Amino acid sequence: QAQLVESGGGLVQPGGSLRLSCAASGSIYRANTMSWYRQTPDNARELVAGISRGGSTDYADSVKGRFTISRDNTRNTVYLQMNSLKPEDTAVYYCNALLEYYGLEGEDDVWGQGTQVTVSS
């Protein structure tokens, strides 16, 4: 079984930047689509950005032009660069990955523990 470990959250002023990282560890054969979701204080969870193994990306309309998702396949790691942050970006950010393991068929849908991002002056 793999696990995802997130880092990089914190408190930032409006207009500031943060970079989130999420590393997958375990007996991983391949990490397929990797994504970032966020859960707002009203408990709604939304897809922020996703990236395929080949590098195709998808973004929520609310973050286009401000956030950039990228990945390092050699490290099974995904990043989220967040610029021009707004108070409405405040949420717990979760990493998600579809993983394949050595000797097993199919994909495993794995979630990280979440990291808090707070945008406030």
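First things first, this report covers the structure right here in the doc. Each chain carries its own residue numbering, running from 1 in the written order of its sequence. Local features are withheld for residues below a pLDDT of 70 in this predicted model, meaning they are given only at 70 or higher, and side-chain atom pairs are given and counted only at 80 or more; totals for whole chains, interfaces and linings count all residues. To obtain the side-chain values, all non-hydrogen atoms of the structure were used and water was disregarded.

Secondary structure counts use DSSP, requiring at least four H or I residues in a row for a helix and at least two E residues in a row for a strand, with both numbered from the N terminus. For the chain, the count of helices and strands is 0 helices and 11 strands. Put simply, the chain runs from its N terminus to its C terminus through helices and strands in the order β-β-β-β-β-β-β-β-β-β-β. Using C-alpha atoms as the atom set, the radius of gyration is obtained and then compared with a globule rule of 2.2 Å times the number of residues to the power 0.38. For a compact globule of 121 residues, the expected C-alpha radius of gyration is about 14 Å, and the chain comes in at 14 Å, within 12% of that figure. For the chain, the spread of C-alpha atoms along the three principal axes comes to 50 × 25 × 20 Å. Partly exposed describes any residue whose relative accessible area lies between the buried limit of under 20% and the exposed limit of over 50%, with all areas from a 1.4 Å probe on protein chains only and scaled to the type maximum. Across the 121 residues that make up the chain, the buried fraction comes to 45%. In the chain, 55% of the contacts between residues at least 6 apart in sequence involve partners at least 24 apart. Every residue pair with non-hydrogen atoms within 4.5 Å of one another is taken to be in contact.

What follows concerns the packing of aromatic side chains. In this scheme Phe, Tyr and Trp rings, the latter by its six-membered ring, pair at centre separations within 6.5 Å, and the angle between planes marks the pair as stacked below 30 degrees, edge-to-face above 60, and tilted otherwise. What the rule picks out here adds up to 2 aromatic pairs. Both rings, one in Tyr 29 and one in Tyr 102, keep their centres 5.4 Å apart while their planes meet at 75 degrees; by these two values the pair is edge-to-face. A residue pair is termed long-range when its members are at least 10 positions apart, and Tyr 29 in strand S4 (residues 28-39) and Tyr 102 in the loop between strand S9 (91-101) and strand S10 (108-111) qualify at 73 residues. Aromatic pair Tyr 37 and Trp 111: ring centres 5.0 Å apart, planes at 55 degrees, arrangement tilted.

By the element assignment, Asn 96 lies in strand S9. By the criterion applied in these results, polar contacts are pairs of N or O atoms within 3.5 Å in which, for protein atoms, one can donate a hydrogen and the other can accept it, and in which residues neighboring in sequence qualify only through two side-chain atoms. A polar side-chain atom of Asn 96 sits 3.2 Å from the main-chain carbonyl oxygen of Val 110. In contact with Asn 96, not counting residues within four places along its chain, are Leu 4, Thr 33, Met 34, Ser 35, Tyr 37, Asp 109, Val 110 and Trp 111.

Put simply, a nonpolar core is a bunch of buried Ala, Val, Leu, Ile, Met, Phe, Trp, Tyr and Cys residues held in one set by side-chain atoms that sit within 4.5 Å of each other. Membership of the largest hydrophobic core comes to 32 residues, with the highest contact counts inside it found for Trp 36, Leu 80, Met 82, Tyr 93 and Leu 99. Going through the elements one at a time, strand S3 (18-25), S4, strand S5 (45-51), strand S7 (67-72), strand S8 (77-82), S9 and strand S11 (115-119) are the ones with two or more residues in this core. Looking at this core element by element, the count peaks at 6 residues for S9.

Mapped onto the fold, Val 5 is located in strand S1 (residues 3-7). A relative accessible area of 44% places Val 5 in the partly exposed class. The sequence separation of Val 5 and Cys 95 amounts to 90 residues, and the corresponding C-alpha distance is 8.3 Å. Ignoring sequence-local partners within four residues, the contact set of Val 5 consists of Ser 21, Cys 22, Ala 23 and Gln 113.

With the exception of glycine, the majority of residues adopt a negative phi angle, and the majority of peptide bonds are in the trans configuration. Its identity is not glycine, yet Asn 43 carries a phi of approximately 70 degrees, on the positive side. Here Asn 43 lies in the loop between S4 and S5. Assessed through its relative accessible area of 58%, Asn 43 is described here as exposed.

Within the element layout of this structure, Thr 77 appears in strand S8. Given the relative accessible area of 8%, Thr 77 is considered buried. Only 2.9 Å separates the side chain of Thr 77 from the backbone oxygen of Arg 75, close enough to count as a polar contact. Setting aside chain neighbours within four positions, we find Thr 77 in contact with Cys 22, Ala 23, Met 34, Ser 70, Arg 71 and Asp 72.

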